[in-house]
Every structure is written in structure tokens, then in C-alpha cells.
Amino acid sequence: WPAKPQERHAGLRTLPGHGDTVNCVEFSADGTRTVSGSKDKTIKIWEVSTGAEVRTLTGHRGNVNSVRFSADGKRVVSG
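Everything quoted here is computed from the prediction, not taken from an experiment.

A. The environment of Pro-16, seen in detail. Counting through the fold element by element, Pro-16 comes out in the loop between helix H1 (5–8) and strand E1 (22–27). Overall, the relative accessible area of 64% leaves Pro-16 in the exposed class. In this structure, the C-alpha to C-alpha distance between Pro-16 and Glu-53, residues 37 residues apart in sequence, is 8.9 Å.

Dropping the structure here:
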């Protein structure tokens, strides 16, 4: 639909924190958090309502290309 320019980006938020390109993002089932994976070899968990970074997970030896929350939202799997 042809939205007005100011409406097109309503609700969008930039979450600064990764040191390189973000390859993947997923929302938790309840919509309260997102998880992102990056070329910087990290995974970040974010609070949707505030945009706050909740946690950074390290340990990948290369790019993080996929992330998923478990059905209950208590775990994250990555690849």
C-alpha cells in the first residue's frame, strides 16, 4: 500500500551494537525479545520494547548465519 514517508518507518528501531554486518534476526515467540547473529562472530539478545541489549554471546569461530529461539524462549541455537 502507498504509505506516507513518515508512516513507512513508524515503529522501526536501529539496535546498535554489532561490530559488523548482521546476518540473521528472529523474534521470540512472545514478541518481547529478538536475537541477532553477525559477521562479528557474536549473538546479541535484545529487549524489543526498549531496544536494550540484554546479553552478548561469544564463542563462534566464524560468522553467525542463523539464530533461533526455542519454543519456550529460554534458549537460543545458532549456526
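B. Examining the environment of Ser-78 more closely. Structurally, the position occupied by Ser-78 is in strand E6 (residues 76–78). Linking Ser-78 and Ser-66, residues 12 residues apart in sequence, is a C-alpha distance of 5.4 Å. Setting aside anything within four residues of it in sequence, one finds Ser-78 in contact with Ile-43, His-60, Val-64, Ser-66 and Val-67. In terms of polar contacts, Ser-78 uses its side chain to reach the side chain of His-60, at 2.7 Å.

C. Focus on the environment of Glu-47. Assignment of secondary structure puts Glu-47 in strand E3 (residues 43–47). Not counting residues within four places of it along the chain, the set of residues in contact with Glu-47 comprises Thr-32, Arg-33, Ala-52 and Val-54. Polar side-chain contacts of Glu-47 include one of 3.2 Å to the side chain of Arg-33.

D. Main features of the nonpolar core. The biggest cluster of nonpolar side chains holds seven residues, and these are Cys-24, Val-35, Ile-43, Ile-45, Val-64, Val-67 and Phe-69. Taken together, the elements giving at least two residues each to this core come down to E3 and strand E5 (67–69). Discounting residues that sit within four places of it in the chain, Cys-24 has contacts with Val-35, Ser-36, Gly-37, Val-64, Asn-65, Ser-66 and Val-67.

E. Just the sheet that holds strand E4 (residues 53–57), in detail. The four strands are arranged E1-E2-E3-E4 in an open sheet whose pairing can be described as antiparallel. Of all the strands in the sheet, just E1 and E4 have a single pairing partner and so form its edges. Neighbour-to-neighbour, the strand axes of this sheet turn through a mean angle of 15°, independent of strand direction.

Criteria and cut-off values
Residues numbered from 1 in each chain as written. Predicted model: local features only at pLDDT ≥ 70, side-chain atom pairs only at ≥ 80, totals over all residues. Heavy atoms only, no water. Helix = DSSP H or I, 4+ residues; strand = E, 2+ residues; numbered from the N terminus. Buried < 20%, exposed > 50% of the residue type's maximum accessible area, 1.4 Å probe, protein only. Contact = heavy atoms within 4.5 Å. Polar contact = N/O pair within 3.5 Å; in protein donor to acceptor, adjacent residues only side chain to side chain. Core = buried A, V, L, I, M, F, W, Y, C linked by side-chain atoms within 4.5 Å. Pairing = 2+ DSSP bridges. Axes fitted to C-alpha atoms, helices over the stretch in contact; angles between N-to-C directions.

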